[in-house]
Structures are given as C-alpha cells and as structure tokens.
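# Notes for the structure review
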Amino acid sequence: MTLVVKDLVRQYAGNPRPTLDGMSFDLPAGTLTALLGRSGAGKSTMLRCVMGLESFETGTIDVDGVIVRGTKESAPAERKKAIAESRLRLGLVFQSFELFPHLTALENCVLAPMTAKKETRSVAEKRARELLCQLGLEPRLDAFPEQLSGGQKQRVAIARALAMEPRVLLYDEPTSALDPSMKNEVLQSLKRIDATGVTQVVVTHDLQLARGVEHVCILDHGVVIESGPPDTVLKSPVHESTRTLLASWLEHE
Ligand code: ADP
C-alpha cells in the first residue's frame with residue numbers, strides 16, 4: 001500500500017461533530033482513485049491532513065511507509081519530522097494550476113527539482129522534457145502560461161508535480177476550472193500517469209472524471225461510506241447518501 005489512512009479524527013474547535021470521524025481507506029501502489037462526496041463531507045480536510053497542512057487529533061496516515069500520527073498520539077518533534085519525510089513522497093495539483101506566470105512550461109517544471117532537490121539543470125531538464133512530452137505538450141515547451149489553454153496549463157501543473165518524483169500525487173478538483181473537452185485531456189493524462197506506478201488520488205465533483213478512474217471512495221460525514229470500482233459504486237450505489245449525491249450530479253450533467 002502506498003497511502004493508508006486509518007481511523008483519522010479531526011474536530012475543529014467550536015464544531016459540534018468531527019469533520020473527519022474515523023476516516024479509513026487504503027490505496028495500493030499505482031492506483032488511480034477518486035474521492036467523492038457532497039460539499040462538507042470532509043474531502044478538503046482529508047487532503048490537507050495528508051499533505052501535512054492540517055493537524056488531526058488521532059489516527060495515522062502512512063505515505064509509502066512514513067507514518068504521521070495524530071496530535072494526541074505523538075510528540076510535536078516526531079510529527080514534524082514525519083510530515084517533512086512524507087512530503088518528500090507527495091505532490092499536490094491545484095484546481096487553479098498555480099503555475100509561475102513568468103516562466104515557460106519547461107522552466108515551471110525545472111525549477112523545484114533544481115532548487116529543492118539540488119538536481120543539475122541537465123538532469124532536471126531531461127526529466128521535465130520527458131514528462132511534458134508524455135503529457136502531449138512537446139510543441140508547447142517554451143510557451144508561457146498565458147499562452148496555454150486551461151487543459152494545457154493543468155497538464156503543465158501535473159508535469160511539474162511529477163518532476164519531483166512523488167510516490168503519491170493528490171489532485172484538488174483538477175477539472176473544475178475547465179470546460180468539458182479539456183476535462184477529457186486531463187483524464188487521459190491521469191490514465192497515462194497510471195501506467196507509471198504513481199498512486200493518484202483525485203478529489204472531484206466531476207462525474208465524467210470519476211467514471212474514468214479505477215477506484216472510487218464515497219465520503220460522507222467524515223467517513224468512507226462505500227468504495228469500489230466506479231462501474232459498481234456509481235451504477236449500483238448501496239448507500240442512500242451516495243444515491244442522493246449521484247442524483248444531484250446527474251441533474252447537472
Ligand atoms: P468538503 O471538501 O468535502 O466540502 P471540507 O473538508 O472543506 O469539506 O469541510 C467539512 C466541514 O468541516 C465544513 O462543513 C466545516 O463544518 C468544517 N471545517 C472545514 N474547515 C474548517 C475550518 N478551518 N474551521 C472550522 N471548521 C471547518
């Protein structure tokens with residue numbers, strides 16, 4: 001398993017119930033999973049906890065063997081060290097791309113490996129070129145973000161995250177700023193990456209995207225209420241909350 005979340009509890013001060021209420025799931029290496037759920041289900045909190053941007057009280061997050069424990073179950077120094085180590089194995093792609101506007105597609109992908117990993121330019125550039133080409137951006141290597149379409153920008157953002165060689169790549173609503181034709185570009189990119197063995201976790205409201213992944217987890221009230229292949233979960237949901245969620249999404253399709 002590359003990402004194992006076990007019994008995670010996160011309760012914000014002043015909230016009557018925990019936002020994450022014993023959340024558990026485990027994702028085998030190299031799988032492409034979508035986390036789905038109504039607004040307020042706890043998806044963003046989950047993502048922030050995995051990234052170490054948010055603390056949680058109890059439970060564990062295991063990223064490729066590095067275990068982060070809750071604030072009630074570990075000392076601050078131990079947690080800080082584990083979060084730093086787990087971050088080396090993680091990447092995050094944002095809904096709004098967050099590319100550096102003054103750098104070309106290639107330079108966006110070269111910068112972090114050279115600064116954070118101290119790679120030489122030739123090593124960083126070789127990998128960046130390979131990744132951008134793999135995601136169909138060979139003709140756009142020297143383009144600046146403002147010259148790219150939304151789908152192209154998101155593919156550069158994905159290549160930039162992959163350039164740091166993460167074991168687990170998280171996506172926060174990667175297609176929500178894109179129109180339908182570009183959503184498919186992004187889904188095809190995720191599928192291409194799937195073949196490389198990186199574990200991918202996509203938080204999304206996009207049914208088209210969810211239908212194209214290997215595994216879906218439905219979140220509700222801070223727990224996973226059902227999970228499995230999209231063909232099963234999205235076509236024959238067991239849980240009433242899943243049926244309500246899918247009905248509301250289908251209405252907007
Ligand atoms: P989702 O991403 O599924 O829409 P979130 O993880 O953003 O859900 O939020 C779930 C719930 O957690 C929210 O409805 C809110 O009650 C609570 N919450 C999230 N962030 C905070 C915060 N910073 N402070 C207090 N409560 C929060």
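In this report, we go over the structure that sits alongside the text. (Residues numbered from 1 in each chain as written. Predicted model: local features only at pLDDT ≥ 70, side-chain atom pairs only at ≥ 80, totals over all residues. Heavy atoms only, no water.)

## Considerations on the overall build of the protein
Scanning the protein for helices and strands turns up 9 helices and 10 strands. In summary, the protein has a C-alpha radius of gyration of 18 Å against a globular reference of 18 Å for 253 residues, a match within 12%. Summarising its shape, the C-alpha atoms of the protein cover approximately 50 × 50 × 30 Å along the three principal directions. Counting across all 253 residues of the protein, residues that qualify as buried make up 51%. Of all intrachain contacts in the protein linking residues separated by at least 6 positions in sequence, the fraction that spans at least 24 positions is 64%. For the protein, the computed accessible surface area is about 11,600 Å², with 53% contributed by carbon and sulfur atoms. With 30 positive and 32 negative side-chain charges, the protein shows a separation of 4 Å between the mean positions of the two kinds. (Helix = DSSP H or I, 4+ residues; strand = E, 2+ residues; numbered from the N terminus. Rg over C-alpha atoms; globule rule 2.2 N^0.38 Å. Buried < 20%, exposed > 50% of the residue type's maximum accessible area, 1.4 Å probe, protein only. Contact = heavy atoms within 4.5 Å. Areas by Shrake-Rupley, 256 points an atom, 1.4 Å probe, with all protein chains shown as cover. Lys, Arg positive; Asp, Glu negative; His and termini not counted. Charge placed at Lys NZ, Arg CZ, Asp CG, Glu CD.)

## Examining the sheet that holds strand E8 (residues 199–203)
Spatial ordering of the open sheet is given by E6-E7-E8-E3-E9-E10, a layout of 6 strands whose pairing is mixed. Two strands close off the open sheet at either side, each with one partner strand: strand E6 (90–93) and strand E10 (223–228). Taking each pair of neighbouring strands and ignoring which way they run, the sheet shows an average axis angle of 20°. In this fold helix H5 (residues 150–162) packs onto E6 and strand E7 (168–172), with an angle of close to 170° to the strand it touches most, E6. (Pairing = 2+ DSSP bridges. Axes fitted to C-alpha atoms, helices over the stretch in contact; angles between N-to-C directions.)

## Digging into the site of the ligand
Near the ligand, the surroundings consist of Tyr12, Asn15, Thr19, Arg38, Ser39, Gly40, Ala41, Gly42, Lys43, Ser44, Thr45 and Arg48. Between the ligand and the protein, one listed contact pairs a nitrogen atom with a side-chain N or O atom of tyrosine 12 at 3.4 Å. Asparagine 15 places a polar side-chain atom, nitrogen or oxygen, 3.4 Å from an oxygen atom of the ligand. In the complex, the protein chains occlude 60% of the 560 Å² of accessible area that the ligand would expose alone. Class assignment of the residues belonging to the shell around the ligand gives a composition of 2 nonpolar, 7 polar and 3 charged. (Near = heavy atom within 4 Å. Polar contact = N/O pair within 3.5 Å; in protein donor to acceptor, adjacent residues only side chain to side chain. Nonpolar A, V, L, I, M, F, W, Y, C, P; charged D, E, K, R; others polar.)

## Describing the sheet that holds strand E4 (residues 58–63)
If you walk across this open sheet you meet the 4 strands as E2-E1-E4-E5, and the pairing is antiparallel. Either end of the sheet is taken by a strand with one partner, and the two such strands are strand E2 (20–27) and strand E5 (66–69). With direction set aside, neighbouring strand axes in the sheet form an average angle of 15°. Pairing of strand E1 (residues 3–10) with E4 involves 5 bridges; the strand directions are antiparallel.

## Details of helix H1 (residues 43–51)
Extensive coverage of H1 is indicated by the burial of 7 of its 9 residues. When H1 is considered as a whole, its buried residues turn out to be Lys43, Thr45, Met46, Leu47, Cys49, Val50 and Met51.

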